[in-house]
Structure formats: C-alpha cells, structure tokens
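# Report on the structure
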Amino acid sequence: SINEAAMSLITTLGGIAGSFDAEFGDADDEEQKPYSFASELCIQKIPMHLVSHLDRAMKSVESMTEDEVALFRSPKGALFSAGKDVASAAKGAPSKAKSGTEKKAAS
C-alpha cells in the first residue's frame, strides 16, 4: 500500500541521513550531498510537513459534533437518526425506532 511504501522510504532516508553529521560533514562535498539531502529532509522538511497536516487534522477532529461521531460509530446498514439516538448509536446499539409494520400493529 501507499502508506507502507511511504514509511519504507522515510525509514530508508533516515538510515541514509544517519550517515551525515552536519557538525562535522561538509554539505558541499559531492560525496556527502546525498547524505546531506536526506538529513535535511528528515530533520527539517518532513517533520514540518507532518506537523502542519497533524494540526489541521486535530482541528477537524476537535470540531466534530456528537452526532457526527455517533453517525461514524453507528452500525452499517442501520438508519441513523440524529439527536435522540446519539447515545445508543455511539455504543453501536441498533436504533429503537419502530419499523413501519410495528407502527401499523400498534394502531
């Protein structure tokens, strides 16, 4: 999958970056450039990119309402009704709403 490939790439870059020490290595040396590039990616670029995405994701999660969470947790194939069924849907329990045949029988 794409996630596994990305993790494999980051792991490989981390291994390459570990061979470069910015304090002692010369980033302009042709032999050190791949190591310097991998180090810059792993230390400066990738973490900042991940932080910005994580920040946006956290804001999205924090803005979710109880109904949205209950809808997400509701069983597949069950009709979700916001409001009164929030507690039961959040636990994965089926809705207590009567079906059309039960309503006719009660009349």
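What you are looking at is a predicted structure, and each value in this text was computed from that prediction instead of being measured.

## Re the overall build of the chain
The secondary structure content of the chain amounts to five helices and zero strands. In the chain, which comprises 107 residues, the proportion classed as buried is 12%. Contacts in the chain between residues far apart in sequence, at least 24 positions, make up 16% of those at least 6 positions apart. Carbon and sulfur atoms make up 60% of the accessible area of the chain, which amounts to about 8800 Å² in all.

## A short note on the pattern of salt bridges
A side chain of one charge can pair with a side chain of the opposite charge if their charged atoms are brought near each other. In this structure the tally under the stated criterion is three salt bridges. Between E30 and K33 there is a salt bridge, with its nearest N and O atoms 3.4 Å apart.

## A short note on the confidence of the model for the chain
Looking at the chain as a whole, the pLDDT averages 78, with 77% of positions reaching at least 70. Model confidence for the chain, summarised as mean pLDDT per element, is weakest for helix α5 (residues 100-106) at 43 and strongest for helix α1 (residues 2-17) at 90. Low pLDDT (under 50) marks residues 94-107, which in the prediction has five contacts with non-local residues, meaning those over four places away or in another chain.

## Some details on the environment of I16
Counting through the fold element by element, I16 comes out in helix α1. When the C-alpha atoms of I16 and Y35 are compared, they prove to be 5.7 Å apart, with 19 residues separating the residues in sequence. Not counting residues within four places of it along the chain, the set of residues in contact with I16 comprises P34, Y35 and A38.

## Structural notes on the side chain of S74
In this structure, S74 sits in the loop between α3 (66-73) and α4 (86-90). Taking relative accessible area as the criterion, S74 reaches 15% and is therefore assigned buried.

## Side note on the side chain of S39
Tracing the backbone shows S39 in helix α2 (residues 33-62). We classify S39 as buried; its relative accessible area is 8%. Every residue in contact with S39, bar those within four places of it in the chain, is listed here: A17, F20 and Q44.

## Some remarks on a negative patch on the surface
Among the surface-exposed residues, D26, D28, D29 and E31 lie close enough to one another that they form a single negatively charged patch. Within the fold, D28 resides in the loop between α1 and α2. Owing to a relative accessible area of 64%, D28 belongs among the exposed residues under this scheme.

## Things to note about the packing of α1 against α2
Remark: α1 packs on α2, axes separated minimally by 8 Å, with the N-to-C direction vectors making an angle of 120 degrees. Judged on the interaxial angle alone, α2 and α1 are oblique. Of the two elements, α1 crosses α2, and the hand of that crossing is left-handed. Contacts from I10, L13, G14, I16 and A17 of α1 reach α2 at P34, Y35, A38, S39, L41, C42 and I46. Looking at the contact of α1 with α2 residue by residue, the classes come out as 10 nonpolar, two polar and no charged.

Criteria and cut-off values
- Residues numbered from 1 in each chain as written.
- Predicted model: local features only at pLDDT ≥ 70, side-chain atom pairs only at ≥ 80, totals over all residues.
- Heavy atoms only, no water.
- Helix = DSSP H or I, 4+ residues; strand = E, 2+ residues; numbered from the N terminus.
- Buried < 20%, exposed > 50% of the residue type's maximum accessible area, 1.4 Å probe, protein only.
- Contact = heavy atoms within 4.5 Å.
- Areas by Shrake-Rupley, 256 points an atom, 1.4 Å probe, with all protein chains shown as cover.
- Salt bridge = Lys/Arg side-chain N within 4 Å of Asp/Glu carboxyl O.
- pLDDT = per-residue confidence, 0-100.
- Patch = residues over 30% accessible without salt bridge, like charges linked within 9 Å, V, L, I, M, F, W, Y side chains within 5 Å.
- Lys, Arg positive; Asp, Glu negative; His and termini not counted.
- Charge placed at Lys NZ, Arg CZ, Asp CG, Glu CD.
- Axes fitted to C-alpha atoms, helices over the stretch in contact; angles between N-to-C directions.
- Parallel < 35°, antiparallel > 145°, perpendicular 65-115°, else oblique.
- Left-handed = near helix turned anticlockwise from the far one by under 90°.
- Nonpolar A, V, L, I, M, F, W, Y, C, P; charged D, E, K, R; others polar.

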